[in-house]
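Each chain, written out:
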Amino acid sequence: MSHFIESLYPWYLRHRRDLPWRKTTDPYLIWVSETILQQTRVGQGLPYYERFILSYPDVVSLARAHEDEVLKLWEGLGYYSRARNLLAAARQILQNFNGKFPSAYSDIRKLKGVGDYTAAAVASIAFNLPYAAVDGNVYRVLSRCYGLETPINTPAGKKLFAQLAEELLNRREPGMHNQALMEFGALQCVPKNPDCENCPLVNHCAAFLTKQVDRLPVKNRTLQRSSRYFNFFLIEGVGQILIHKRQKNDIWKNLYQLPLEETAGETSAEEILQSQLLIPLLNIETVKIQKITPLRTHELTHQRIFARFIHLQTDQLPENTAGFIKINKKDISKFAFPGLVKKYFEENHLI
Ligand code: SF4
């Protein structure tokens, strides 16, 4: 056994967190937890996991759910394609496997939204299959311990780290091994200022011995964020507001939002009030501008949203709402909105 593994397992047994998905080998529960934890910290994801499995304790109950309900449970967690994919994959399992979670890696990997990492995590933890799961934590630990400088977000880096992870894998206990490595990255070999002095691997860690801890792992800077300008209208009339469902292939697909005018750049409040969108929705004679918020920034992985909320009060909403849905203000919380819109509702005591 390598020094690496010899030190890692005792550390894991002593330090691992007591998390609900660690007490089960139910592939459904492990899959849900792994999906929630992609791009999400454990502290933030845990309450979502608990609510999710309370509503959908198994594949069949999820497969029969309505997408609006699933998105409502996911509200505020971001990366909503994860929720849509979970639902689509549950329906695949119901249709192709009679509701029983598949136990072969190749079948798990074919489920909608399941990539190499999730397939390996579920296969190893639930079915003890020998697949190495390589997430961001594992990249960091391996890069530092072995002094690997190949950028992790390149095809060569992905191949190199996958090979090393496969070589290190404990084939008798792949589930425990994968979890130990990921937990070590999450708690001990953290991105910034890891506590190297108190690390069991310190005497064998290439990055520590060569003073490269802060440099590793290496990542190519490729991320270009595009800027988008969103003007949301809260159009209120006699206790009702207008919303609509985002259905295009774009961010926040199938979530609800306020009527939105997207502009190419920043526009003045006067200009935005000339929006064609408003013409069928407002009686211009009686409309009052209640409030216009300053632009606020909302960062997504590939986009930076500059958003402004314009609160308009009108005597009555029109009968024909041009594709928008008229709802009572007290029902706002029944719909799933992007975090940015939900926050605006909260700030204005609408939910
Ligand atoms: S010595 Fe520091 S960099 Fe190396 S594995 Fe331990 S915590 Fe990570």
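Keep in mind that this is a model prediction, so the values were computed, not measured. (Residues numbered from 1 in each chain as written. Predicted model: local features only at pLDDT ≥ 70, side-chain atom pairs only at ≥ 80, totals over all residues.)

*Asks:* Hey, could you run me through the environment of H311 in this one?
*Replies:* Note that H311 resides in strand 7 (residues 303–313). For the pair H311 and Q247, spaced 64 residues apart in the sequence, the C-alpha separation amounts to 24 Å. Excluding its chain neighbours within four sequence positions, the residues that come into contact with H311 are L234, Q290 and K291. (Helix = DSSP H or I, 4+ residues; strand = E, 2+ residues; numbered from the N terminus. Contact = placed C-beta atoms within 7 Å.)

*Asks:* Where do I start with the domain arrangement of the protein chain in this structure?
*Replies:* Interface size is commonly expressed as the accessible surface area that is lost when the partners come together. Segmenting the protein chain into domains produces domain 1 (3–143 + 151–189) and domain 2 (226–347). Each of domain 1 and domain 2 has a C-alpha centre, and these two points are 36 Å apart. Domain 1 puts 10 residues into the contact, and the matching count from domain 2 is eight residues. No other element matches the five residues that helix 5 (residues 67–74) contributes to the side of domain 1 that touches domain 2. Its residues assigned to classes, the side of domain 1 that touches domain 2 shows three nonpolar, two polar and five charged. (Domains from an automatic or database assignment. Nonpolar A, V, L, I, M, F, W, Y, C, P; charged D, E, K, R; others polar.)

*Asks:* Can you help me understand helix 6 (residues 81–96) in this one?
*Replies:* Note: α-helices contain 3.6 residues per turn, so residues at a spacing of three or four share the same orientation. With 16 residues, helix 6 ought to run about 22 Å at 1.5 Å a step, and its terminal C-alpha atoms sit 22 Å apart, in line with that. Buried within helix 6 we find A83, L86, L87, A89, A90 and I93. Down the axis, helix 6 shows its buried residues gathered within 165° of arc, on one side only. Elements that come into contact with the buried residues of helix 6 comprise helix 2 (27–37), helix 4 (59–63) and helix 5. (Expected span 1.5 Å × (residues − 1). Buried ≥ 20, exposed ≤ 12 C-beta atoms within 10 Å, placed from the backbone. Arc of directions from axis to C-beta.)

*Asks:* Would you mind going over the site of the ligand with me for this structure?
*Replies:* What surrounds the ligand is a group of 13 residues, the closest being C189, P194, C196, C199 and C205. For the shell around the ligand, the secondary structure elements donating two or more residues are helix 9 (136–145) and helix 12 (206–209). Its residues assigned to classes, the shell around the ligand comprises 11 nonpolar, one polar and one charged. (Near = placed C-beta within 6 Å.)

*Asks:* Got a minute to help me understand unusual backbone geometry in this structure?
*Replies:* Glycine aside, negative phi is the norm for most residues, and most peptide bonds take the trans geometry. With an omega dihedral of 0°, the bond running from L216 to P217 counts as a cis peptide bond. Summarising the element assignment, P217 is placed in the loop between helix 12 and strand 1 (226–237). A positive phi angle, near 50°, is found at N193, a position not held by glycine.

*Asks:* Looking at this structure, I do not really get the nonpolar core. What am I missing?
*Replies:* Grouped burial of nonpolar side chains is what soluble globular proteins tend to show. Residues V32, V122 and I235 are the most contacted members of the largest nonpolar core, which totals 87 residues. Summarising the domain contributions, this core has at least three residues from each of domain 1 (3–143 + 151–189) and domain 2 (226–347). (Core = buried A, V, L, I, M, F, W, Y, C linked by C-beta atoms within 7 Å.)

*Asks:* Is there a simple way to think about the packing of helix 1 (residues 3–15) against helix 11 (residues 174–187) in this case?
*Replies:* Packing of helix 1 against helix 11 leaves a shortest axis separation of 9 Å and a crossing angle of 70°. Here helix 1 is positioned roughly perpendicular relative to helix 11, judged by the angle of their axes. Relative to helix 11, the crossing made by helix 1 is left-handed. Facing helix 1, whose interface residues are L8, Y9, W11, Y12 and H15, helix 11 presents A180, L181, E183, F184 and L187. (Axes fitted to C-alpha atoms, helices over the stretch in contact; angles between N-to-C directions. Parallel < 35°, antiparallel > 145°, perpendicular 65-115°, else oblique. Left-handed = near helix turned anticlockwise from the far one by under 90°.)

*Asks:* Looking at this structure, how should I read the pairing of strand 2 (residues 240–245)?
*Replies:* Note: strand 1 against strand 2, two bridges, orientation antiparallel. Directly across from G237, in strand 2, lies its bridge partner Q240. Adjacent in sequence and paired antiparallel, strand 1 and strand 2 are bridged by two residues, among which V238 carries a positive phi angle near 45°. Pairing analysis gives four bridges linking strand 2 to strand 8 (residues 325–328), with the strands arranged antiparallel. Among the inter-strand pairings, Q240 is bridged to a residue of strand 8, identified as N328. Pairing analysis gives two bridges linking strand 2 to strand 3 (residues 256–257), with the strands arranged antiparallel. Bridge pairing in strand 3 links H244 to Q257. (Pairing = 2+ DSSP bridges.)

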